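The primary structure of each chain is shown beneath.
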Amino acid sequence: MWPRKSPCAHGAIGGSSPAANSAHPATNHPGTSVLLPAYTQNQHATPWLGPLLAAISTGGVIGGILYATIDWKAGLWRKYQLLTLGFTLPTTLLFLARPLWLLATLLLLAGLFVTPLFINAFLLIDATANDDTRIEANTWVGASTDITNGIMAITIGALAQHHRWDTALITLTCCATVGAASAILTSTGPAAPPSSGTARVATPSAASPPAARPPAPQPGPGAAHKPEAAAVTGTDPRP
């Protein structure tokens with residue numbers, strides 16, 4: 001009925017909806033924000049923590065600017081599919097991201113699509129939802145995101161506590177794979193439903209001009225001479 005970001009795909013990185021708070025959607029990413037501090041500490045690479053956490057937000061800023069400046073002719077549903085694929089494909093490689101430089105690169109690439117994906121989602125809601133469901137649809141964008149963020153934070157936190165880094169990265173990879181598959185299998189989407197206001201049908205009103213009357217019959221050939229004849233016969237010929 002309205003677009004919902006793939007919960008598992010979004011939970012792989014996380015991010016609160018712009019409708020839920022004024023922060024950038026990539027600034028709150030429970031999946032990676034729980035994993036990264038523990039992982040960098042375990043690797044004795046705490047200087048990497050800042051750049052890793054900033055990678056998604058940096059990509060989001062760049063992606064948002066590009067989305068606003070590039071004239072993209074595709075429809076909203078097509079954009080939604082492509083942006084979801086762009087968001088999830090880098091994270092499907094997280095299971096390989098034991099090197100910190102590779103992890104930072106993948107997070108930056110995924111972040112490029114975060115802001116455009118949220119923008120497109122809300123535009124898609126405006127284009128497809130009617131007045132009765134628009135508020136609920138916008139609410140679900142944030143609610144579904146926050147629910148999955150909480151689930152991912154608990155899951156990744158439990159794995160990080162036991163230093164199961166490979167399992168944590170594979171979990172994020174599986175979530176991203178589900179999101180990519182859903183984007184590929186999703187159809188173009190339904191046509192926009194009519195708004196709650198009924199369309200006005202043009203009906204003739206009292207102010208409408210009256211229909212044109214058919215032209216009066218033209219006089220015959222001899223009719224033009226009748227007045228003249230009457231005038232002649234009405235004139236006294238006598239002096």
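Conventions and cut-offs
- Residues numbered from 1 in each chain as written.
- Predicted model: local features only at pLDDT ≥ 70, side-chain atom pairs only at ≥ 80, totals over all residues.
- Heavy atoms only, no water.
- Helix = DSSP H or I, 4+ residues; strand = E, 2+ residues; numbered from the N terminus.
- Contact = heavy atoms within 4.5 Å.
- Axes fitted to C-alpha atoms, helices over the stretch in contact; angles between N-to-C directions.
- Parallel < 35°, antiparallel > 145°, perpendicular 65-115°, else oblique.
- Left-handed = near helix turned anticlockwise from the far one by under 90°.
- Nonpolar A, V, L, I, M, F, W, Y, C, P; charged D, E, K, R; others polar.
- pLDDT = per-residue confidence, 0-100.

## Some remarks on the environment of Leu159
Along the polypeptide, Leu159 turns up in helix 7 (residues 134-161). With 125 residues separating them in the primary sequence, Leu159 and Val34 have C-alpha atoms 10.0 Å apart. Setting aside residues up to four positions removed in sequence, Leu159 forms contacts with Arg164, Thr167, Ala168 and Thr171.

## Concerning the packing of helix 6 (residues 114-128) against helix 7
The N-to-C vectors of helix 6 and helix 7 enclose an angle of 160 degrees; their axes lie 10 Å apart at closest approach. As far as their axial angle goes, helix 7 and helix 6 are roughly antiparallel. Crossing hand, helix 6 versus helix 7: right-handed. On helix 7, the residues touching Phe118, Phe122, Ile125 and Asp126 of helix 6 are Arg134, Ala137, Asn138 and Val141. The residue inventory of the contact of helix 6 with helix 7, partitioned by class, reads 5 nonpolar, 1 polar and 2 charged.

## Looking at the confidence of the model for the chain
Here the chain averages 75 in pLDDT, and 65% of its residues register 70 or above. At the low end of the mean pLDDT range in the chain sits helix 9 (residues 226-233), at 46; at the high end sits helix 5 (residues 100-111), at 94. The low-confidence segment residues 1-7, where pLDDT is below 50, has 24 contacts with residues more than four positions distant or belonging to other chains. The low-confidence segment residues 194-208 (pLDDT under 50) makes 6 contacts with residues lying over four places distant or belonging to another chain.

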